[in-house]
Amino acid sequence: MAADLNDLSVFVAVARAGGFREAARVGGGSPSSLSLAVRRLETALGVRLLNRTTRSIAPTEAGARLLDRLAPALGEVSAAMDAVNAFRGRPAGTLRLNVPGSVARLVLPAIVAPFLKAYPDIRMEVMVEEAFVDVLAAGCDAGVRYDERLEQDMIAVPIGPRVQRIATAAAPAYLDARGRPTHPRDLLDHACLRGQFASGATPAWEFERDGEVVRLDPAGPLVVRLGAAVDLAVSAAIAGLGVVHLFEDWLRPHIDSGALEPVLESWWQSFSGPFLYYPGRDHLPAPLRAFVDFVQG
């Protein structure tokens, strides 16, 4: 019994989403119909692909191997089908992006709305992950990352602001009570609200002025997952729990309102903005081609 292409696509969607309900919410259909499709596929292949519990769903070893090979293949099928878009009056289809939380929050809002208004036949799916991933293996058309995390064989085009800064700030009441740092090393005597990557690594705080670079690992009462829980750190800083060190765009509204006060502003480090990256192909999917042209225009 041959496996149905639609059932294969459903399996990939459910495995990525971690459940039938979430896959149905993202891609449409009902959880029961998706469950039926996966069971049909397992029957056709003669092997269990997903371990199901009342709380979670995860691929079996066989399912994980199938997912690793299947996701890129389905991406190629989608790209092949999408070539038909060249004969349409305007691009149509689905554009899947993989981005970090900072990009989803600070960069994409100014781009996504006008893009989708300009291309009403395109549907965009945005996956937010902090880890660098193989966009094809993840079933995405493209990703957005910063240049130090780009793979060498990827095509990269600038997207969003070309210069960004990491800002440091705290509530005025906190600084009144604890003092205002005059050098980055003074932060070692302060309560600092830290961020942590999904890997568990806690990035150092970096400062730079007149060629001098200072890297610190200050301590504090709160550590949050970067991307997913950054707003919690900002709220804690506003409440006077300590010093926060994040993208300036994340803190700027609170600095402008007076809820937060800049700290060591002359030491804030600048870096280049993010890039849209994608694998080089002879024929880009029409939605991706439209998005590339849009951000470059």
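Residues numbered from 1 in each chain as written. Predicted model: local features only at pLDDT ≥ 70, side-chain atom pairs only at ≥ 80, totals over all residues. Heavy atoms only, no water.

Undergrad: How do you make sense of the layout of surface pockets when you look at a structure like this?
TA: Empty space among the atoms becomes apparent when a probe as large as a water molecule is rolled across them. In this structure, the second largest pocket occupies an estimated 830 Å³ of space. I166, F197, P203, L226 and F247 are, among the 32 residues lining the second largest pocket, the residues nearest its centre. For the lining of the second largest pocket, the secondary-structure elements that each account for two or more residues are strand 8 (192-196), strand 9 (205-209), helix 8 (230-238), strand 12 (243-247) and strand 14 (269-272). By residue class, the composition of the lining of the second largest pocket is 17 nonpolar, seven polar and eight charged. (1 Å grid on protein atoms, 1.4 Å probe; cavity = no way out; pocket = protein on both sides within 12 Å on 5 of 7 lines; lining within 4 Å. Points joined across faces, edges and corners; volume = space filled by probe spheres on them. Helix = DSSP H or I, 4+ residues; strand = E, 2+ residues; numbered from the N terminus. Nonpolar A, V, L, I, M, F, W, Y, C, P; charged D, E, K, R; others polar.)

Undergrad: What's the story with helix 9 (residues 248-257) in this structure? I'm lost.
TA: The α-helix advances 3.6 residues per turn, and as a result positions three or four apart in sequence lie on the same side. Buried within helix 9 we find E248, W250, L251 and I255. Viewed along the axis of helix 9, the buried residues span an arc of 140°, placing them on a single side of the element. Every exposed residue of helix 9 that faces more than 90 degrees away from the buried side is listed here: D256 and S257. The inward-facing, buried residues of helix 9 contact helix 5 (101-106), strand 7 (163-170), helix 8, strand 12 and strand 13 (261-262). G258 occupies a position one or two residues after helix 9 and carries a positive phi of about 90°. (Buried < 20%, exposed > 50% of the residue type's maximum accessible area, 1.4 Å probe, protein only. Arc of directions from axis to C-beta. Contact = heavy atoms within 4.5 Å.)

Undergrad: I'm lost on the pattern of salt bridges in this one. Help?
TA: When the charged atoms of two side chains lie near each other, side chains of opposite charge can form a pair. What the rule picks out here adds up to 16 salt bridges. Put simply, D7 and R40 hold a salt bridge, and the shortest N to O gap is 2.8 Å. Residue D7 is located in helix 1 (residues 5-17), and its partner R40 is located in helix 3 (residues 31-45); the two are separated by 33 residues in the primary sequence. Where D121 meets R90, a salt bridge forms, and the shortest distance between an N and an O atom there is 2.6 Å. (Salt bridge = Lys/Arg side-chain N within 4 Å of Asp/Glu carboxyl O.)

Undergrad: Could you clarify how one ought to interpret helix 6 (residues 109-118) in this entry?
TA: What helix 6 keeps buried is the set I111, V112 and F115. Down the axis of helix 6, the sector holding all buried residues measures 95°, keeping them to one side. What points out from helix 6, more than 90 degrees from its buried face, is the exposed set A110 and K117. Among the structural elements, strand 3 (93-99), strand 4 (122-128) and helix 10 (286-296) are those in contact with the buried residues of helix 6.

Undergrad: Before we go on, may I ask you to explain the sheet that holds strand 4 in this structure?
TA: Strand pairing in a sheet relies on backbone hydrogen bonds, with the paired strands running either antiparallel or parallel. Overall, mixed pairing links the five strands, which are arranged 4-3-5-15-6 in an open sheet. In this open sheet, the two edge strands, each paired with only one partner strand, are strand 4 and strand 6 (154-158). Ignoring which end each strand starts from, the neighbouring axes of this sheet average 25° apart. Across two bridges, the pairing between strand 3 and strand 5 (residues 142-145) is parallel. What sits directly across from L97, in strand 5, is A142. Across the face of the sheet, helix 6 comes into contact with strand 3 and strand 4 while running at roughly 160° to strand 4. Sitting on the sheet, helix 10 touches strand 3, strand 4, strand 5, strand 6 and strand 15 (275-279), and the angle it makes with strand 3 is about 60°. (Pairing = 2+ DSSP bridges. Axes fitted to C-alpha atoms, helices over the stretch in contact; angles between N-to-C directions.)

Such coordinate-based values are descriptive only and should not be taken to indicate function.
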